Amino acid sequence: MKKKLYEARDHLMAGISYALPVIIAGGVTNLDDFAKTGGFYHYVWMFQNVGWSAIGLLNLVLSGYIAYSIAGKPALAAGFVGGVLASSTNAGFLGAVVSGFFAGWLTNKIKNKIKIKGAAASSVPLIILPLLTMGAVGILMSLILGGPLGWINTSLLNWVTQMSENNTNVVI
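An account of the accompanying structure is given in this report.

1. Side note on a nonpolar patch on the surface
- Together, F93, L94, W151, I152, L156, W159 and V160 make up a nonpolar patch on the protein surface, roughly 700 Å² of accessible area in all.
- It is helix α6 (residues 123-165) that contributes the most residues to the nonpolar patch, 5 residues altogether.
- The topology assignment puts F93 in helix α5 (residues 92-113).
- Since its relative accessible area comes to 40%, F93 is described here as partly exposed.

2. Digging into α5
- Across its 22 residues, α5 extends 31 Å between first and last C-alpha, which sits within 8% of the 32 Å expected from 1.5 Å per residue.
- Burial in α5 covers these residues: G92, G95, A96, V97, S99, G100, A103, G104, L106, T107 and I110.
- Buried residues belonging to α5 abut α1 (2-28), α3 (58-71), α4 (76-88) and α6.

3. Quick word on the nonpolar core
- Formed by 16 residues in total, the largest nonpolar core has its most connected members in L62, I66, A86, A91, A103, V137 and M141.
- Those elements giving two or more residues to this core turn out to be α3, α4, α5 and α6.
- Tallying contributions element by element places α3 first for this core, with 5 residues.
- Each residue touching A91, except ones within four places of it in the same chain, is listed here: A86, M141, G146, L149, G150 and N153.

4. A short note on the packing of α3 against α4
- Interaxial distance between α3 and α4 falls to 7 Å at its minimum, and their mutual angle equals 150°. Handedness of the crossing formed by α3 with α4: right-handed. Mapping the contact onto sequence places N59, L60, V61, S63, G64, Y65, A67 and Y68 in α3 and L76, G79, F80, G82, G83, V84, A86 and S87 in α4.
- Tallied by class, residues from the contact of α3 with α4 come to 9 nonpolar, 7 polar and no charged.

5. Quick word on the environment of M13
- The residue M13 is located in helix α1 in this model.
- Along the backbone, M13 and S69 are 56 residues apart, and their C-alpha atoms lie at a distance of 9.4 Å.

6. Quick notes on the packing of aromatic side chains
- Applying the stated criterion to the full structure yields 5 aromatic pairs.
- Ring geometry for Y18 and Y68: centres 6.4 Å apart, planes at 85°, overall edge-to-face. Separated by 50 residues along the polypeptide, Y18 in helix α1 and Y68 in helix α3 bring together distant segments of the chain.
- Using a relative accessible area of 41% as the deciding quantity, one classes Y18 as partly exposed.
- A relative accessible area of 29% places Y68 in the partly exposed class.
- Ring geometry for Y65 against Y68: centres 5.8 Å apart, planes inclined by 80°, an arrangement best described as edge-to-face. One end of the pair, Y65, and the other, Y68, are both in helix α3, 3 residues apart, so they sit about a helical turn from each other.
- Cluster of aromatic residues (ring-pair linked, three or more members): Y18, Y65, Y68 and F80.

7. A short note on the layout of surface pockets
- As a volume, the largest pocket reaches approximately 160 Å³.
- Every residue along the wall of the largest pocket is listed here: K4, E7, A8, H11, I70, F101 and W105.
- Elements that contribute at least two residues to the lining of the largest pocket include exactly α1 and α5.
- With 4 residues, α1 is the largest single contributor of residues to the lining of the largest pocket.
- Classifying every residue of the lining of the largest pocket by side-chain character gives 4 nonpolar, 1 polar and 2 charged.

Reading guide: rules and limits
Counting of residues starts from 1 at the beginning of each chain's written sequence and follows it residue by residue. Given that this is a predicted model, residues contribute local features only at a pLDDT of at least 70 and side-chain atom pairs are listed and counted only at 80 or more, while totals for whole chains, interfaces and linings are drawn from all residues. The basis for every side-chain value is the complete set of heavy atoms in the structure, and neither hydrogens nor water enter the calculation. Patch membership is restricted to residues that have no salt bridge and whose relative accessible area is over 30%. Joining uses 9 Å for like charges and 5 Å for the nonpolar side chains Val, Leu, Ile, Met, Phe, Trp and Tyr. Accessible areas in this description were obtained via Shrake-Rupley with a 1.4 Å probe; residue shielding takes into account the shown protein chains only. A pairing counts as a salt bridge when a side-chain nitrogen of Lys or Arg comes within 4 Å of a carboxyl oxygen of Asp or Glu. Where helices and strands are cited, they refer to DSSP runs of H or I of at least four residues and of E of at least two residues respectively, numbered from the N terminus. In this scheme, a residue with accessible area under 20% of its type's maximum is buried, one over 50% is exposed, and one in between is partly exposed, where area comes from a 1.4 Å probe on protein chains only. Take the residue count of a helix, subtract one, and multiply by 1.5 Å to get its expected span. Note on contacts: a residue pair qualifies if any of its non-hydrogen atoms lie within 4.5 Å across the two residues. Buried Ala, Val, Leu, Ile, Met, Phe, Trp, Tyr and Cys residues form a nonpolar core when they are joined through side-chain atoms within 4.5 Å. Where helices are involved, their axes are fitted lines through C-alpha atoms of the stretch in contact, as for all axes, and angles between N-to-C directions lie from 0 to 180°. Definitions for this section: a left-handed crossing has its near helix turned counterclockwise from the far helix by less than a right angle. A right-handed crossing has that turn clockwise. Under this grouping Gly is polar, as are all residues other than the nonpolar Ala, Val, Leu, Ile, Met, Phe, Trp, Tyr, Cys and Pro and the charged Asp, Glu, Lys and Arg. Pairing of aromatic rings covers Phe, Tyr and the six-membered ring of Trp, with a centre-to-centre limit of 6.5 Å; geometry is then stacked below 30 degrees between planes, edge-to-face above 60, and tilted otherwise. For each structure, a 1 Å grid was placed over the protein atoms alone; sets of points admitting a 1.4 Å probe that cannot get out are labelled cavities, open sets with protein on both sides within 12 Å along at least five of seven lines are labelled pockets, and lining residues have an atom within 4 Å of a point. Grid points are joined across faces, edges and corners, and a volume is the space filled by probe spheres set on the points.

Take a look at the structure:
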């Protein structure tokens, strides 16, 4: 059990390490306070939009590279789709983590079950695995987990916002 938890932590940290450059570059280019001053406001506004666009890629990159850490290149497509669906269902970071782990795990399971020999064997990691896993991740995030994870994420955001508005300090 302990070994599985360490493996899960390693996969999560791999996804986060791939997402860090996106977060840092997006954060640095968000010139929110500076954008309100100066004579070249339009150019600063465009640069700020680039930053927000980069931060918008966080869930996609995180989910995709968690899946990649678990199952390699065949899991990338399903992980990326899971990240996009996490964003579109408001499941956020939690949805990206869940979809990344599910995409990687499912890709490994299907990879071990499908045994095709001959000329068609090369199509398994390029066509068959991504197609099957993208469909499964799409169903999982769109129909099953997207709503509940979106509710959890929204509730957590509302709770943190309410604490900051009430000047509530939590000591952990």
